[in-house]
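Chain residues, written in single-letter form:
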Amino acid sequence: GVFLGIGVAENAGTAALTKVYQEFKTEAQELEPEYVPQTVNTDGWEPTQQAWHKLFPTVTLMLCFLHAVLSLQNRCRSLKPLCATLTDKVWKIYQAATKDHFSQRIRRLREWAAKTELPTPVREKLLDLCRKAPVFKQHFAFPTACRTSNSVDRLMKYLDRVLFVRQYFNGTSASARLSVRAMALIWNFHPYGSRLRHAQPQRVSPFHDLNGFQYHANWLQNLLIAASMDGHRP
């Protein structure tokens, strides 16, 4: 629920993404010099995957299953009965308890697709999902790894709304970087609303969720204290 390093890429290519993801690596290793993630959950964008492999050669990339489902739904959203059927079948695959069950359900889905009349774009996307089964099955080797990017998507939606209202960037690359980092900082320390605090009194802010403590009851004082040592605890 927090932004751990953020920057602005000049484009969506491998070189630009590697450069901007380097900010996360640098900041993480300032706190823990030997830090190397075991897994990283990504969508299917190849430059993103290449960037992570360049920064952390030993990392295992976990393909987001949710993105695969949404991509399939987008091909048949106007065909509501078909969309509902496919969504149900695909999420049953996701819920498989073992690697063998997962493989079995993939085979059944492929067999169902072979004998069912489907629009060509839907069939192609469905078979594409089946072909990616070996990548999706990596989860069983890392059972605590994230299988979907929901937590990232929530933050991205917030960031997207803020940037849209501000009409995105109108200055230099340096000012754009400072702008998004300021937004991330405010998000990480902002106090939760009254509805959430009433339902879950133990939750105070994203900073508190992540660290299990706060320096001060006032969120702004908490931010100032945390920032006074560049985020490092004494």
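Since the model is a prediction, treat every value here as computed from it, not as a measurement.

A. Up close: the overall build of the protein chain. Within the protein chain, the regular secondary structure consists of twelve helices and two strands. Overall, the protein chain is about 65 × 45 × 40 Å in size when its C-alpha atoms are taken along their principal axes. Relative to its full complement of 234 residues, the protein chain shows a buried share of 36%. Taking as baseline every contact in the protein chain between residues at least 6 positions apart, the subset at least 24 positions apart corresponds to 51%. Of the roughly 14,700 Å² of accessible surface on the protein chain, a fraction of 55% belongs to carbon and sulfur atoms.

B. A look at helix α6 (residues 120-131). Helix length check: α6, at twelve residues, gives a terminal C-alpha distance of 16 Å against a target of 16 Å (1.5 Å per residue), a fit within 8%. Listed in full, the buried residues belonging to α6 are V122, K125, L126, L129 and C130. Down the axis of α6, the buried side of the element spans an arc of 145 degrees, and every buried residue falls inside it. Turned more than 90 degrees off the buried face of α6, the exposed positions are T120, E124 and R131. Contacts made by the buried residues of α6 are with α3 (65-75), α4 (80-94), α5 (99-114) and α7 (133-136).

C. Quick look at the pairing of strand β1 (residues 39-42). Burial of β1 is one-sided: the residues V40 and T42 facing one way are buried, the residues T39 and N41 facing the other way are not. As paired strands, β1 and strand β2 (residues 60-63) are joined by four bridges and run parallel to one another. Considered in β2, the bridge of T42 is made with L63. In terms of handedness, the path from β1 via helix α2 (residues 46-55) over to β2 forms a crossover that is right-handed.

D. Summary view of the state of the cysteines. Tallied over the full model, the rule gives zero disulfides. Cysteine C130 is unpaired, with the sulfur of C76 as its nearest cysteine sulfur at 14 Å. Counting only cysteine sulfurs, C64 is the nearest neighbor of C146, a cysteine outside any disulfide, at a range of 9.7 Å. Residue classification places C146 among the partly exposed residues on the basis of a relative accessible area of 46%.

E. Geometry of the packing of helix α8 (residues 150-165) against helix α9 (residues 173-189). Where α8 meets α9, the axes come as close as 11 Å, and the angle between the chain directions of the two elements is 125 degrees. Overall, the two elements α8 and α9 adopt an arrangement that is oblique. Crossing handedness for the pair α8 and α9: right-handed. Counted together, L155, Y158, L159, V162 and L163 of α8 and V180, M183 and W187 of α9 form the full contact between these two elements. Each residue belonging to the contact of α8 with α9 can be placed in one class, and the counts come to eight nonpolar, no polar and no charged.

F. A look at α9. Relative to the 24 Å expected for 17 residues at 1.5 Å per residue, α9 spans 25 Å between its end C-alpha atoms, a close match to the ideal helical length. Tucked into the core, α9 has its buried residues touching α8, α11 (206-211) and α12 (219-227).

G. How the structure looks around the packing of aromatic side chains. A complete count under the given rule lists 15 aromatic pairs for this structure. Plain terms: the ring middles of Y158 and W187 are 4.6 Å apart, the flat faces sit at 40 degrees to each other, and that makes the pair tilted. On the criterion of sequence distance, the pair formed by Y158 in helix α8 and W187 in helix α9 is long-range, its members being 29 residues apart. What makes W187 partly exposed here is its relative accessible area of 21%. Taking the ring centre of F140 as reference, the NZ or CZ of R147 above it sits at 5.9 Å.

H. Broad picture of unusual backbone geometry. Not every positive phi belongs to a glycine, and Q167 is a case in point at roughly 60 degrees. With respect to the helices, strands and loops of the structure, Q167 is situated in the loop between α8 and α9. Even without being glycine, Y168 reaches a positive phi, approximately 60 degrees. Locating Y168 in the fold gives a position in the loop between α8 and α9. Assessed through its relative accessible area of 42%, Y168 is described here as partly exposed.

Rules used in this analysis
- Residues numbered from 1 in each chain as written.
- Predicted model: local features only at pLDDT ≥ 70, side-chain atom pairs only at ≥ 80, totals over all residues.
- Heavy atoms only, no water.
- Helix = DSSP H or I, 4+ residues; strand = E, 2+ residues; numbered from the N terminus.
- Buried < 20%, exposed > 50% of the residue type's maximum accessible area, 1.4 Å probe, protein only.
- Contact = heavy atoms within 4.5 Å.
- Areas by Shrake-Rupley, 256 points an atom, 1.4 Å probe, with all protein chains shown as cover.
- Expected span 1.5 Å × (residues − 1).
- Arc of directions from axis to C-beta.
- Pairing = 2+ DSSP bridges.
- Right-handed = clockwise from strand over helix to strand, strands pointing away.
- Disulfide = S-S within 2.5 Å.
- Axes fitted to C-alpha atoms, helices over the stretch in contact; angles between N-to-C directions.
- Parallel < 35°, antiparallel > 145°, perpendicular 65-115°, else oblique.
- Left-handed = near helix turned anticlockwise from the far one by under 90°.
- Nonpolar A, V, L, I, M, F, W, Y, C, P; charged D, E, K, R; others polar.
- Phe/Tyr/Trp six-rings, centres within 6.5 Å; stacked < 30°, edge-to-face > 60°.
- Lys NZ or Arg CZ within 6 Å of the ring centre and 35° of its normal.

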